[in-house]
Amino acid sequence: MKKFCALALAAAAALSVAAPASAGIEVRMLPQSLSANVGDTISIDMQISGLGSEILSAYDLNVLFNGGLVAFDTAVFSNALGPVSDPVFAPEATDNPGNTGLLGFSELLDDDLAAIQPDTVVFVTVSYTALNEGAAFFTWGADPDFQRNVVGRDALTLNASFFGTCVAIGDASCDNRVPEPATFGLAGLALLGAGLSSRRRQPAKTAR
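Everything numeric in this text was worked out from a predicted model, so none of it was measured.

Participant: Even after reading the chapter, I still don't get the overall build of the protein, so can you show me in this structure?
Facilitator: Summing up its helical and strand segments, the protein has two helices and 13 strands in all. Burial analysis of the protein (208 residues in total) assigns 46% to the buried set. When contacts within the protein are restricted to residue pairs at least 6 apart in sequence, those whose partners lie at least 24 apart make up 80%. Accessible surface for the protein amounts to roughly 8,800 Å². Of this, 53% is attributable to carbon and sulfur atoms.

As structure tokens, this is what we get:
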């Protein structure tokens, strides 16, 4: 609970204070591109790299895709933010057609979290089922508060670049195109709202 309280208390101040410089931090979907057949399971790693002296202490992310081409299957969370069990780390995956929501926050103290996190972290692997032939582009939601927010030390949003991926299903081609990166510096930490305190339950490996 210590971590959550610290995040909640810092939220208001963070709205008006710029995050510390954290150049080079990238949030990627990997592999950058891949091929699949109709009916195949597609696994995509969500990775953050270039942390350096920073940490990943929380995230509120949305993965957007064409629901006519792929369907959400499972989300498996790593121990990057602490043991995947209450009360240290309580991640959650939700699914709407064409939109997978990923939410997680750690209650470890910043220095304790830094001790277990390497510079590059795969924090969740999301699996989808290929439904139909076509080029399925996976991108991040545009809202820096609720759809592409990664949080570091002192409950401050990290200045990160975001990269998507493409899956060529059947005879389709991604044409070597990957969704363009986008960078967000300061963002509101609405992720730290009161709703988080009610999310403290065992992580679901499938969407509810």
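Participant: For this particular structure, what's the right way to read the state of the cysteines?
Facilitator: The final tally for this structure, using the stated rule, is one disulfide. Disulfide pairing is shown between Cys-166 and Cys-174; the S-S distance is 2.0 Å. In this structure the cystine formed by Cys-166 and Cys-174 twists about its S-S bond by roughly -85°; its chirality is therefore left-handed. A single burial state applies to Cys-166 and to Cys-174, both of which are buried.

Participant: Can you walk me through the environment of Asp-110 in this structure?
Facilitator: Within the secondary structure, Asp-110 sits in helix α2 (residues 110-116). A relative accessible area of 15% means that Asp-110 is categorised as buried. Sequence-wise, Asp-110 and Leu-56 are 54 residues apart; in three dimensions their C-alpha atoms are separated by 9.1 Å. Reaching out from Asp-110, the side chain makes a polar contact with the backbone nitrogen of Asp-154 at a distance of 2.9 Å.

Participant: Honestly, unusual backbone geometry in this entry has me stumped. Any pointers?
Facilitator: Most peptide bonds take the trans configuration, and most residues that are not glycine carry a negative phi. Note the cis peptide between Leu-30 and Pro-31, where omega equals 5°. Its place among the elements puts Pro-31 in the loop between β1 (25-30) and β2 (33-36). In this structure, Asp-154 takes a positive phi of about 55° despite not being glycine. The class for Asp-154 is exposed, based on a relative accessible area of 56%. Backbone geometry at Ala-155 places phi at a positive 60°, although glycine is not the residue there. When its relative accessible area of 1% is taken as the criterion, Ala-155 is described as buried.

Participant: Would you explain the pattern of salt bridges in this entry?
Facilitator: Opposite charge on two side chains allows them to pair when their charged atoms are near. Applying the stated criterion across every chain yields a total of two salt bridges. A salt bridge links Glu-26 to Arg-28, with the nearest nitrogen and oxygen atoms 3.0 Å apart. Here Arg-28 falls in the partly exposed class, since its relative accessible area comes to 21%.

Participant: What's the story with the nonpolar core in this structure? I'm lost.
Facilitator: Considering soluble globular proteins, one finds that nonpolar side chains tend to be buried as a cluster. With 40 residues, the main nonpolar core has Met-46, Tyr-59, Leu-102, Phe-123, Tyr-128 and Phe-138 as its most contacted residues. Here this core takes six residues from strand β8 (residues 121-130), the largest share from any one element. Excluding residues within four positions of it along the chain, Tyr-128 makes contact with Asp-40, Thr-41, Ile-42, Ile-44, Val-63, Phe-65, Val-70, Ala-71, Phe-72, Asp-73, Thr-100 and Phe-138.

Participant: What's the story with the environment of Leu-56 in this structure? I'm lost.
Facilitator: Tracing the sequence through the fold places Leu-56 in the loop between β3 (41-49) and β4 (58-64). Those residues within four positions of Leu-56 in sequence are excluded, and the remaining contacts are Ile-48, Leu-51, Leu-81, Leu-113, Gln-117, Phe-123, Val-150 and Val-151.

Cut-off values and rules
- Residues numbered from 1 in each chain as written.
- Predicted model: local features only at pLDDT ≥ 70, side-chain atom pairs only at ≥ 80, totals over all residues.
- Heavy atoms only, no water.
- Helix = DSSP H or I, 4+ residues; strand = E, 2+ residues; numbered from the N terminus.
- Buried < 20%, exposed > 50% of the residue type's maximum accessible area, 1.4 Å probe, protein only.
- Contact = heavy atoms within 4.5 Å.
- Areas by Shrake-Rupley, 256 points an atom, 1.4 Å probe, with all protein chains shown as cover.
- Disulfide = S-S within 2.5 Å.
- Polar contact = N/O pair within 3.5 Å; in protein donor to acceptor, adjacent residues only side chain to side chain.
- Salt bridge = Lys/Arg side-chain N within 4 Å of Asp/Glu carboxyl O.
- Core = buried A, V, L, I, M, F, W, Y, C linked by side-chain atoms within 4.5 Å.

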